[in-house]
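What follows is each chain in one-letter form.
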Amino acid sequence: MPFTPFHLGFGVFVFSVLIFLDPIALLLGTILIDIEAFMRLILNINPLHGILHSMLGVIVFFIPTVLMSWGCYKIFKLEKYLRKFNWGISIVSSLIGLFSHVFFDSIIYPEVMMFYPFSNKSGILLGAISERMDYYLLVILFSAGTIILGIRFVVKRYRNRKEKGNQLVDQSTQKN
Ligand SMILES: [Zn+2]
């Protein structure tokens, strides 16, 4: 918060490279932890990042993230477009997304206790790169991920067409 959507960039990039992951759990994971920041903003509690911006948040949010992804797969019949839903893969995807959120926030917010409840230490990665670089990095990852996904889509369509063409040729030679 207030740049929650930037976190999606990491999810888009990871999915573009590791295409077998569950993109819904991954993307939801990258943003869901900010429910905490949103609630604290509404309730006027400072700082915005509390104990859920940590490993605890990852543990608390991974089950709802996976269940929401499963719901999306069922409601929108996503298996027509994506790989079959797999609980194990969805759990891994949500953990990657959730942890990435804590990781990128811990670079710019001093109050983030990355490993809470295992450690109370805050600001472990603070200033590793500048705030602006943190956002640039997420934008670059988003752009790279979108380009890779675009290339994957075009290549897949080309292959499908080629396969269909070959099948037609096979059928016509069989008839002859
Ligand atoms: Zn956050």
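Residues numbered from 1 in each chain as written. Predicted model: local features only at pLDDT ≥ 70, side-chain atom pairs only at ≥ 80, totals over all residues.

Asker: Please provide a residue-by-residue account of helix 2 (residues 23–32), values included.
Answerer: Two residues of an α-helix separated by three or four positions point the same way, owing to the 3.6 residues in each turn. The buried count for helix 2 comes to nine of 10 residues, which makes it a mostly enclosed element. Within the span of helix 2, buried status applies to Pro-23, Ile-24, Ala-25, Leu-26, Leu-27, Leu-28, Gly-29, Thr-30 and Leu-32. For helix 2, the elements touching its buried residues are helix 1 (8–17), helix 3 (34–42), helix 4 (55–75) and helix 5 (87–108). (Buried ≥ 20, exposed ≤ 12 C-beta atoms within 10 Å, placed from the backbone. Helix = DSSP H or I, 4+ residues; strand = E, 2+ residues; numbered from the N terminus. Contact = placed C-beta atoms within 7 Å.)

Asker: Summarise unusual backbone geometry; cite the residues concerned and give the values.
Answerer: Following Asn-46, the chain continues into Pro-47 via a peptide bond in cis, with omega recorded as -5 degrees. Looking at the element boundaries, Pro-47 is found in the loop between helix 3 and helix 4. Omega for the bond connecting Tyr-116 with Pro-117 falls within 30 degrees of zero, at 5 degrees, which places this linkage in the cis form. Looking at where Pro-117 falls in the secondary structure, it is placed in the loop between helix 5 and helix 6 (131–175). Notably, Lys-77 is not glycine yet its phi reads approximately 50 degrees, a positive angle. Relative to the helices and strands, Lys-77 is located in the loop between helix 4 and helix 5.

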